[in-house]
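Structure at a glance
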Amino acid sequence: MTVLPEALRPWAAHLSLFPEELALALGGAVARLAAALGPPRIRGDASGGEPQGHDGLTRRGTPDRLLVSEWLLAMEAPDEFVRRAAFGEQAYLRPAFRAPREGRRCVVLLDAGPDQLGAPRIAHLALLVVLARRAEAAGADFLWGVLQASPEEGTTPGVTAATLDTWLKRRRAEPPDEARLGAWREGLRGAGAAEEVWLVGSARLGRLRGTEGLSRVAVDEVVAPGPRRLAVEVRPARGPVRPVVLDLPPVAQCVRLLRDPFGTATAAPRSSLDSPVRSLRFSPEGLRLLLSHADGSVSVLAPPHSPRATVPRPRRFLSRPDERVLAFGWRPTGGLLVLTLRAGKLRIRGQLQGRPSGLAWALEPSQFMRPRGGAPCLLLSQRDAEGRETPLLLDDGGRLVALQPEGPTPSADRVLLQSVTALTEFRGRFFFVCGTLGEDVRPERAFFTGCLGYWSRRIEDTLPFEAHFMLEGLGWDEHAGPRLAWRDASGGWRLGRGSHAPEDQRLDVPAGARVVGLAHGPSESSTVGLVVLAEDQRTFLGVTAERTERLVVAPERVRSCCVSPGVPLLAWLTESGRMGVWSLQYRALVLDTPPGGTP
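Residues numbered from 1 in each chain as written. Predicted model: local features only at pLDDT ≥ 70, side-chain atom pairs only at ≥ 80, totals over all residues. Heavy atoms only, no water.

**Things to note about the environment of Thr-333**
Position of Thr-333 relative to the elements: it lies in the loop between strand S14 (324-330) and strand S15 (336-342). Thr-333 sits 48 residues away from Ser-381 along the chain, and the two C-alpha atoms are 9.6 Å apart. (Helix = DSSP H or I, 4+ residues; strand = E, 2+ residues; numbered from the N terminus.)

Shown next, in the form of structure tokens:
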């Protein structure tokens, strides 16, 4: 069971359904809403049934239930006793009666329309926990339903992992209307008149006819600079309005609460691809997977970010029989770019802004391309001041080359960087780690990091063998530089930014492990750590300065793997050709593609 603070113990049975970090994130909203809702107002036991002692004090009653202190007052101060009796100030024991449980219910009707999609549904989730515990304390049945649904569909009892999973899927495109509300009131009246009915929706829900006499909770998102918040108003059928402002958890936790709060969702195996995947890598911005296939074709896939997300059809490029794909990539503004060799000519297949279609390029195929394993190189595009796109080629030798179109006077292709160990793209800017700028000689025990065409910085007294970027948290200022991890000459890993000195922490990678990328640590925090593949070639670990934790185990030995610099995704390709994408945020498999075709 989840270990909760003492203040959240009353709701421990329901909050323990969630992982500990989500239970704590939701617990603050639960505690505040419970204080605003107050004790249950379901029809009290005093309304009839079998006597069950006393449960409090009241100002009215018979003389046999008058408190002993009042009789003492009659003997010691008779005039005061008479005055208190005349003004109704005397205290009596209140009798309690046991009522049949089946006659006591609390019903909650939730607005699942467009007004309440997104962050307001987190308040709905907290309200379900609060009202379920409230009804349980009063010995009543708890039922909930969707306001847009038909009463014939019935209500859902209790709050469990199964019922909350059903609630997550009940989203409607239409707002609630008076006809459906009237049908619900009629249905509840025919079922025996539930003692307490709550309507949960936006403030506009109160404008509908038929809400009179019902308790309501209005939930609206606060649109203002600063922290993300929800404005909640509790409007009981009897009593004053109680406003509450709820601070929303971090964005990552909000997404998990709305998509997979229990961490149980996982992607089902997809149908196999037409041809086995030979290699995979993330595009420089980290939002696409670049796949090369055994039949010589290439494709670009937008991987899902959660287990419940749909997988769009990949963009596929099939080369002609006399054509070979040398490099491919994804444009920052969208679109597949492919560099092909046909009849001794290099051509860009795809649309380049400001360049004529079918333009040939002056690069000699053998000049920069020494592919290892036959996998195509990476093709990029950079926009200049006039809006024209210049293709950039990153070959397997680590050289970044700007391709120049051939013309009456062909110009030589420019070598921009050499010995590139990391390259990423953010909003049209390319950040790099390399050993040499342009045609310069490589410096001893130093490397360069910077933003292509804007700035660069030389880091002394180290020699990079590997480097990885992480774009998360990078703002508009490209001079800030993204998060960067690199392995220095001593074999240790250091963290820093492209434009700042390294942070005062070093990360120790287990012996025999291989670093795959840089991402947030295993826990829900701002801690940044390394994702490494263990010596068994199956187990992925998260390594931070505080601890090393197992993340996931691949179904087979991994042949190739990579971490997205832009989103928390880990992709792998096994020795049999099975491809998987695992979410570091949801701790779940979001894409599982069995091997297909014949290599």
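**Re the pairing of strand S29 (residues 493-497)**
Where strand S28 (residues 483-487) meets S29, five bridges bridge the pair, whose relative direction is antiparallel. Residue pairing across strands places Trp-486 opposite Arg-494, the latter belonging to S29. In this structure, S29 lies alongside strand S30 (residues 506-507), joined through two bridges in antiparallel fashion. By the bridge assignment, Trp-493 is partnered in S30 with Leu-507. (Pairing = 2+ DSSP bridges.)

**So, the nonpolar core**
Judged by nonpolar contacts, the single largest core of 50 residues is most densely connected at Leu-15, Phe-18, Val-108 and Phe-142. Top element by residues in this core is helix H5 (residues 120-137). It accounts for 11 residues. Val-298, Val-300, Leu-394 and Phe-448 belong to the second-largest nonpolar core, a separate cluster that totals 24 residues. (Core = buried A, V, L, I, M, F, W, Y, C linked by side-chain atoms within 4.5 Å. Buried < 20%, exposed > 50% of the residue type's maximum accessible area, 1.4 Å probe, protein only.)

**Re the sheet that holds strand S31 (residues 514-520)**
Taken together, the four strands give an open sheet; going across it, the order is S31-S32-S33-S34, and neighbouring strands pair in antiparallel fashion. Two strands close off the open sheet at either side, each with one partner strand: S31 and strand S34 (548-553). Here the strands of the sheet are splayed against their neighbours by 30° on average, with no regard to which way each runs. Bridge count for strand S32 (residues 528-533) against strand S33 (residues 539-543) is four bridges, and the pairing is antiparallel. (Axes fitted to C-alpha atoms, helices over the stretch in contact; angles between N-to-C directions.)

**Some details on the confidence of the model for the protein**
For the protein, the mean per-residue pLDDT works out to 82, and 83% of the residues sit at or above 70. Note on residues 42-47: pLDDT under 50 across the span, and 15 contacts to partners over four residues away in sequence or across chains. (pLDDT = per-residue confidence, 0-100. Contact = heavy atoms within 4.5 Å.)

**Quick look at the pattern of salt bridges**
When charged atoms on two side chains of opposite charge get close, those side chains can pair. Taken as a whole, this structure holds 21 salt bridges when the rule is applied. Among the ionic pairs, Arg-316 bridges to Asp-295, the shortest N-O distance being 3.4 Å. Here the residue Arg-316 occupies a position in strand S13 (residues 315-317), and Asp-295 occupies one in the loop between strand S11 (289-293) and strand S12 (298-301), the gap between them amounting to 21 residues. Here Glu-575 and Arg-557 are joined by a salt bridge, their closest N and O atoms 3.3 Å apart. Highlighted residues: Glu-575 in the loop between strand S36 (569-574) and strand S37 (579-583) and Arg-557 in the loop between S34 and strand S35 (558-563), separated in sequence by 18 residues. On the accessibility criterion, Glu-575 (48% relative accessible area) is partly exposed. Arg-557 gets classed as partly exposed once you look at its relative accessible area, which sits at 41%. Here the salt bridges do not stand alone but share partners, grouping Glu-80, Arg-83 and Glu-89 into one network. (Salt bridge = Lys/Arg side-chain N within 4 Å of Asp/Glu carboxyl O.)

**A word on the environment of Thr-166**
As for its placement among the helices and strands, Thr-166 is situated in helix H6 (residues 161-169). Residue classification places Thr-166 among the partly exposed residues on the basis of a relative accessible area of 31%. C-alpha of Thr-166 to C-alpha of Thr-156: the two residues are 10 residues apart in sequence and 9.1 Å apart in space.

**Considering the sheet that holds strand S23 (residues 429-434)**
Strands in a sheet are paired, the pairing made by backbone hydrogen bonds, and the direction either parallel or antiparallel. Taken in spatial order, the four strands make up an open sheet running S22-S23-S25-S26, and their pairing is antiparallel. Looking along the sheet, the strands with just one partner apiece sit at the ends: strand S22 (422-426) and strand S26 (455-460). Taken pair by pair, the neighbouring strands of this sheet meet at an average axis angle of 15°, ignoring direction. Relative to S26, strand S25 (residues 446-451) runs antiparallel, the two sharing six bridges. From the neighbouring strand, Thr-449 faces S26, where its bridge partner is Arg-457.

**Section: the packing of helix H2 (residues 20-37) against helix H8 (residues 251-259)**
Closest axis-to-axis distance for the H2/H8 pair is 10 Å, and the angle between their directions is 100°. Looking at the two axes, H2 sits roughly perpendicular to H8. Within the contact between the two elements, H2 uses Glu-21, Leu-22 and Ala-25 and H8 uses Gln-253, Arg-256 and Leu-257. For the contact of H2 with H8, the residue count by class is three nonpolar, one polar and two charged. (Parallel < 35°, antiparallel > 145°, perpendicular 65-115°, else oblique. Nonpolar A, V, L, I, M, F, W, Y, C, P; charged D, E, K, R; others polar.)

**Quick word on the side chain of Arg-216**
Note on placement: Arg-216 falls in strand S7 (residues 215-221). We note that Arg-216 is buried and unpaired, the nearest opposite charge coming from Glu-233 at a distance of 6.7 Å. Excluding residues that lie within four positions of it along the chain, Arg-216 makes contacts with Trp-198, Leu-199, Gly-206, Thr-211, Glu-233, Val-234 and Arg-235. (Lys, Arg positive; Asp, Glu negative; His and termini not counted.)

**Describing the packing of aromatic side chains**
According to the stated counting rule, one finds three aromatic pairs in the structure shown. Where Trp-71 meets Phe-81, the ring centres are 6.1 Å apart and the plane angle is 25°; that geometry is what we call stacked. In this pair, Trp-71 is assigned in helix H3 (residues 68-76) and Phe-81 in helix H4 (residues 78-86), connecting sequence segments 10 residues apart. Summarising the aromatic geometry, the rings of Phe-540 and Trp-572 are spaced 5.6 Å apart at their centres and angled 20° between planes, so their arrangement reads as stacked. Here Phe-540, found in strand S33, pairs with Trp-572, found in strand S36; they are 32 residues apart in sequence, far enough to count as distant. Comparing Phe-540 with Trp-572, the two get one shared label, buried. Positioned above the aromatic ring of Trp-167 is the side chain of Arg-121, whose terminal nitrogen or guanidinium carbon lies 4.4 Å from the ring centre. (Phe/Tyr/Trp six-rings, centres within 6.5 Å; stacked < 30°, edge-to-face > 60°. Lys NZ or Arg CZ within 6 Å of the ring centre and 35° of its normal.)

**Considering unusual backbone geometry**
Phi angles above zero are rare outside glycine, and Ser-419 is one such case at about 55°. Locating Ser-419 in the fold gives a position in the loop between strand S21 (414-418) and S22. Ser-419 gets classed as partly exposed once you look at its relative accessible area, which sits at 32%. Phi is positive for Arg-587, which is not a glycine, with a value near 55°. As for its position among the elements, Arg-587 is in the loop between S37 and strand S38 (588-593).

**Some points on the state of the cysteines**
On inspection of all chains with the given rule, the structure shows zero disulfides. Not part of a disulfide, Cys-561 finds its nearest cysteine sulfur in Cys-562, a span of 7.1 Å. Judged by its relative accessible area of 12%, Cys-561 falls in the buried class. (Disulfide = S-S within 2.5 Å.)

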